[in-house]
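Now for the letters of each chain:
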Amino acid sequence: MSLLEIDNVTLRFGGVVAVNQVSFSVEEGEVFAIVGPNGAGKSTLFNLVSRFYDPAEGDIRFDGKSILSLGSHEIAGLGIARTFQNIELFEQATVLQNLLVGRHRHRKSNLVSQALFLPGVREEERQHRQAVEQVIDFLDLQAYREKYIAGLPYGVRKVVEMGRALALEPRLLLLDEPASGLSVEETQDVAFWVEDIKKQMGITVLMVEHDMHLVASVSDRVLALADGKMLALGTPPEVQNHPAVVEAYIGTTEANEKVPA
Ligand SMILES: Nc1ncnc2c1ncn2[C@@H]1O[C@H](COP(=O)(O)OP(=O)(O)OP(=O)(O)O)[C@@H](O)[C@H]1O
Ligand SMILES: [Mg+2]
């Protein structure tokens, strides 16, 4: 059974068909990339999986069960974590605090026992710290642990956002343009991390990305979208060389190449 199934999903915004009869499945343990020109419907697909939008048609299943009856606050509880194209972190909180927020779905103790600081709470807090410290080590964020988000460079915020999603220990990680705005070196780090997230942590990754070098180096399969419609689905070379994909990119000014700083 596939981990995530997008089954003939359509979503309209007024006259715009942002997602048009899209179907694909993401298998457990793979890195699946979605590519396509601006406005193709990539982030909208993420917002559908996150339950921010209801599809007009179709079904979305996670682990074999439809998630359309769930609210967006219940998605993390299933083990689905995401990052946002425009980074969403608590600006006036530290890196550590932001990562602890990512642990939300694992909190068992209620507010009363937390207020009384019962023994179980202390143990639970220790486990959260431990999980978050592992994420900090994995992403090399030690130097930023106590720093406030508001004062951090863009590239570091981007990594913290990935960390916040990882701290949830998800089964499925949705990354919306993890390399956008990053330098060549930072993008290489993202490639290594995505590989390790898949191989060492066993987390399935669904990624939207414009950088075709990154997509080709880390993805098992790629879906190309344009104007909400599926153009091609296959291995990175199959999709990159597909005539419909080549045509969709002609005349667009997609930033596929990064110029070393
Ligand atoms: N909340 C919304 N209200 C109205 N239209 C929207 C909304 N969100 C997205 N759209 C439209 O839906 C289409 C798909 O947008 P989407 O953000 O999914 O594109 P994308 O593939 O993520 O593009 P980009 O590469 O620029 O991030 C676009 O035409 C966009 O203008
Ligand atoms: Mg987008």
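What you see is a predicted model; the values in this text were computed from it and never measured.

**Describing the side chain of Asp176**
Inspection of the secondary structure puts Asp176 in strand E7 (residues 172–176). Lacking a salt bridge, the buried Asp176 has Arg82 as its closest oppositely charged neighbour, with an N-O distance of 4.3 Å. Within the local environment of Asp176, its side chain forms a polar contact with the side chain of Ser43, the two groups lying 2.7 Å apart. Leaving out residues up to four positions away in the same chain, Asp176 has contacts with Ser43, Phe46, Arg82, Thr83, Phe84, Gln85, Lys158 and Val208.

**Focus on the packing of helix H6 (residues 154–166) against helix H7 (residues 184–199)**
Closest axis-to-axis distance for the H6/H7 pair is 11 Å, and the angle between their directions is 10°. Taken together, H6 and H7 sit at an angle that is classed as roughly parallel. Facing H6, whose interface residues are Gly155, Val159, Met162 and Leu166, H7 presents Glu186, Val190, Trp193 and Ile197. Looking at the contact of H6 with H7 residue by residue, the class counts come to six nonpolar, one polar and one charged.

**Considering the pattern of salt bridges**
In the structure shown here, the tally under the stated rule is 15 salt bridges. With a shortest N-O distance of 2.7 Å, Asp54 and Arg51 are connected by a salt bridge. Arg171 is the partner of Asp63 in a salt bridge, and the nearest nitrogen-oxygen pair spans 2.9 Å. Placement of Asp63 in the loop between strand E4 (57–62) and strand E5 (65–66) and of Arg171 in the loop between H6 and E7 is noted, with a sequence separation of 108 residues between them. On the basis of relative accessibility, which here comes to 29%, the residue Arg171 falls in the partly exposed class.

**Quick notes on the site of ligand 1**
The environment of ligand 1 is formed by 14 residues, the closest being Asn38, Gly39, Lys42, Thr44 and Gln85. One of the backbone N or O atoms of Ala40 is found 3.1 Å from an oxygen atom in ligand 1. One of the backbone N or O atoms of Gly41 is found 3.0 Å from an oxygen atom in ligand 1. Out of a free accessible area of 640 Å², ligand 1 has 64% covered by protein chains. Counting residues per element, the ones that place at least two in the shell around ligand 1 are strand E2 (16–26) and helix H1 (42–49). It is H1 that provides the largest number of residues to the shell around ligand 1, a total of three residues.

**What to know about the sheet that holds E7**
The six strands lie next to each other as E6-E7-E8-E3-E9-E10, forming an open sheet whose pairing is mixed. Unpaired on one side and paired on the other, strand E6 (80–82) and strand E10 (229–234) mark the two borders of the sheet. Going across the sheet, the axis of each strand differs from the next one's by a mean of 15°, ignoring polarity. Direction of pairing for E6 relative to E7: parallel, over a ladder of three bridges. Each residue of the ladder has a partner; that of Ala81, found in E7, is Leu173. Relative to E7, H1 is tilted by about 145°, and along the sheet it contacts strand E3 (31–35), E6, E7, strand E8 (204–208) and strand E9 (221–226). H6 rests against E6 and E7 of the sheet, and its axis sits at about 160° to E7.

The rules behind the values
Residues numbered from 1 in each chain as written. Chains lettered and ligands numbered in written order. Predicted model: local features only at pLDDT ≥ 70, side-chain atom pairs only at ≥ 80, totals over all residues. Heavy atoms only, no water. Helix = DSSP H or I, 4+ residues; strand = E, 2+ residues; numbered from the N terminus. Buried < 20%, exposed > 50% of the residue type's maximum accessible area, 1.4 Å probe, protein only. Lys, Arg positive; Asp, Glu negative; His and termini not counted. Salt bridge = Lys/Arg side-chain N within 4 Å of Asp/Glu carboxyl O. Polar contact = N/O pair within 3.5 Å; in protein donor to acceptor, adjacent residues only side chain to side chain. Contact = heavy atoms within 4.5 Å. Axes fitted to C-alpha atoms, helices over the stretch in contact; angles between N-to-C directions. Parallel < 35°, antiparallel > 145°, perpendicular 65-115°, else oblique. Nonpolar A, V, L, I, M, F, W, Y, C, P; charged D, E, K, R; others polar. Near = heavy atom within 4 Å. Areas by Shrake-Rupley, 256 points an atom, 1.4 Å probe, with all protein chains shown as cover. Pairing = 2+ DSSP bridges.

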